[in-house]
Amino acid sequence: MIDNIIQVKFLSTDEEIIDYCKDAKLVAIDSPLSMSKGFREVDKKMIRSGYKVLPPSFMKSLVERAIRISKLLPSVIETHPTSSMKNLGINWKEYTKKKDEIDAVICAITAYAYDNKMVFKISDVDGIIYLLPKAFPKPIKVSENYYILPNIGCQ
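In what follows, the accompanying structure is described. (Residues numbered from 1 in each chain as written. Predicted model: local features only at pLDDT ≥ 70, side-chain atom pairs only at ≥ 80, totals over all residues. Heavy atoms only, no water.)

1. A closer look at the environment of Lys-134
At step 1: Within the fold, Lys-134 resides in the loop between β5 (127–131) and β6 (140–143).
At step 2: We classify Lys-134 as exposed; its relative accessible area is 64%.
At step 3: Separated by 48 residues in the primary sequence, Lys-134 and Lys-86 have C-alpha atoms spaced 8.3 Å apart.
At step 4: Residues in contact with Lys-134, not counting those within four places in the same chain, are Asn-87 and Leu-88. (Helix = DSSP H or I, 4+ residues; strand = E, 2+ residues; numbered from the N terminus. Buried < 20%, exposed > 50% of the residue type's maximum accessible area, 1.4 Å probe, protein only. Contact = heavy atoms within 4.5 Å.)

This is the structure:
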């Protein structure tokens, strides 16, 4: 996010992702960053808080990939865009036809919120999941692959 503008860029390979994100101050990733056979304690806390999450073992290859990539980047946090969208009252279908696109936008905004100490976190012994708080402004889609975050001071 630069000057409150978010450009979504679709990358496929680990190498593309690492190369694109290697100089980022912070990367928010939409995946568990620890493995477990069932739900982690942090996942159970998410569920008790009213969020719907899947156990890492249900998406083993995604989690393994996220862990592998996170080890090659300077600073990575775990987020859950669907839960942040719930907090903001966002129906992703009203924004785009691609769920991955709005997930990426929410990840970028979560990294911004984390960096500015405006993030909501749910934590336990096996992880921390960072979410956007309910009062956070909603992004506005301005064109294909471009969004703006209103009412936030630029860094």
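2. Overview of the packing of helix α4 (residues 81–88) against helix α5 (residues 99–115)
At step 1: Contact geometry of α4 with α5 gives a least axis separation of 9 Å together with a crossing angle of 80 degrees. Between α4 and α5, the interaxial angle falls into the category roughly perpendicular. For the pair α4 and α5, contact is made by Pro-81, Thr-82, Ser-84, Met-85 and Leu-88 and by Lys-99, Ile-102, Asp-103, Ile-106, Cys-107 and Thr-110, respectively.
At step 2: Its residues assigned to classes, the contact of α4 with α5 comprises 6 nonpolar, 3 polar and 2 charged. (Axes fitted to C-alpha atoms, helices over the stretch in contact; angles between N-to-C directions. Parallel < 35°, antiparallel > 145°, perpendicular 65-115°, else oblique. Nonpolar A, V, L, I, M, F, W, Y, C, P; charged D, E, K, R; others polar.)

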